[in-house]
Amino acid sequence: MDRFKNLELIKFPKFDEPDTLELIKTFERFFSKSTNDSSCKLSLSLKDYAKGGLRKQHEIHAKLICDGKSYFASETSWNLVECIKKVTSTLEKEAKKQSK
């Protein structure tokens, strides 16, 4: 994810190649649709929950700072990539709603 200088991933694991390609598409779409300014910064923070089983539940808190305004969203899911897609979609909608 080094190609996005205005993206900060906190406590995220390394992604395998298919997930990396999917996330690159997701972030390219997000930055092209929701931010017209290159000074906007997206920060995603991950918290995993393992409740004794083999699976982990992922909780992501997202923060978008753009034009001096802050937008927040959070999502919880069993699938990390889907969780990232949901939280970026929610942030995108929130930023569009606030800008109108």
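So, here's what we can say about the structure. (Residues numbered from 1 in each chain as written. Predicted model: local features only at pLDDT ≥ 70, side-chain atom pairs only at ≥ 80, totals over all residues. Heavy atoms only, no water.)

**Here we look at the packing of aromatic side chains**
Following the criterion strictly, the structure yields four aromatic pairs and no others. Their ring planes at 65° and their centres at 5.9 Å tell us that F4 and F27 sit as a pair that is edge-to-face. Taken together, the positions of F4 in the segment before β1 (7–10) and F27 in helix α1 (residues 17–34) put the pair 23 residues apart, joining distant regions of the chain. On the basis of relative accessibility, which here comes to 10%, the residue F4 falls in the buried class. Ring centres of F12 and F15 lie 6.2 Å apart, and the angle between their planes is 45°; on these two criteria the pair is classed as tilted. Judged by its relative accessible area of 18%, F15 falls in the buried class. Every member of this aromatic cluster is reached through a ring pair, and the members are F4, F27, F30 and F31. (Phe/Tyr/Trp six-rings, centres within 6.5 Å; stacked < 30°, edge-to-face > 60°. Helix = DSSP H or I, 4+ residues; strand = E, 2+ residues; numbered from the N terminus. Buried < 20%, exposed > 50% of the residue type's maximum accessible area, 1.4 Å probe, protein only.)

**A word on the environment of T26**
When you line up the elements, T26 lands in helix α1. A relative accessible area of 7% means that T26 is categorised as buried. Considering only alpha carbons, one finds T26 and K85, 59 residues apart in sequence, at a separation of 6.6 Å. If we ignore the near neighbours within four places in the chain, the residues touching T26 are K85 and T88. (Contact = heavy atoms within 4.5 Å.)

**Examining the pattern of salt bridges**
Inspection of every chain in the model, using the stated rule, returns seven salt bridges. For the salt bridge of R3 with E28, the shortest nitrogen-to-oxygen distance reads 3.2 Å. One end of the pair, R3, is in the segment before β1; the other, E28, is in helix α1, and 25 residues separate them in sequence. Among the ionic pairs, E92 bridges to K96, the shortest N-O distance being 3.8 Å. In this pair, E92 and K96 both sit in helix α2 (residues 80–99), four residues apart, roughly one turn of the helix. Residue classification places E92 among the buried positions, given a relative accessible area of 6%. (Salt bridge = Lys/Arg side-chain N within 4 Å of Asp/Glu carboxyl O.)

**Description of the packing of α1 against α2**
Here α1 crosses α2 at 0°, and the two axes come no closer than 10 Å. Comparing their axes, α2 and α1 come out roughly parallel. Where α1 abuts α2, its residues D19, E22, L23, T26, F27, R29, F30, K33 and S34 lie against V81, I84, K85, T88, L91, E92 and K96. Here the residues of the contact of α1 with α2 sort into six nonpolar, three polar and seven charged. (Axes fitted to C-alpha atoms, helices over the stretch in contact; angles between N-to-C directions. Parallel < 35°, antiparallel > 145°, perpendicular 65-115°, else oblique. Nonpolar A, V, L, I, M, F, W, Y, C, P; charged D, E, K, R; others polar.)

Coordinates in, geometry out; function isn't part of it.
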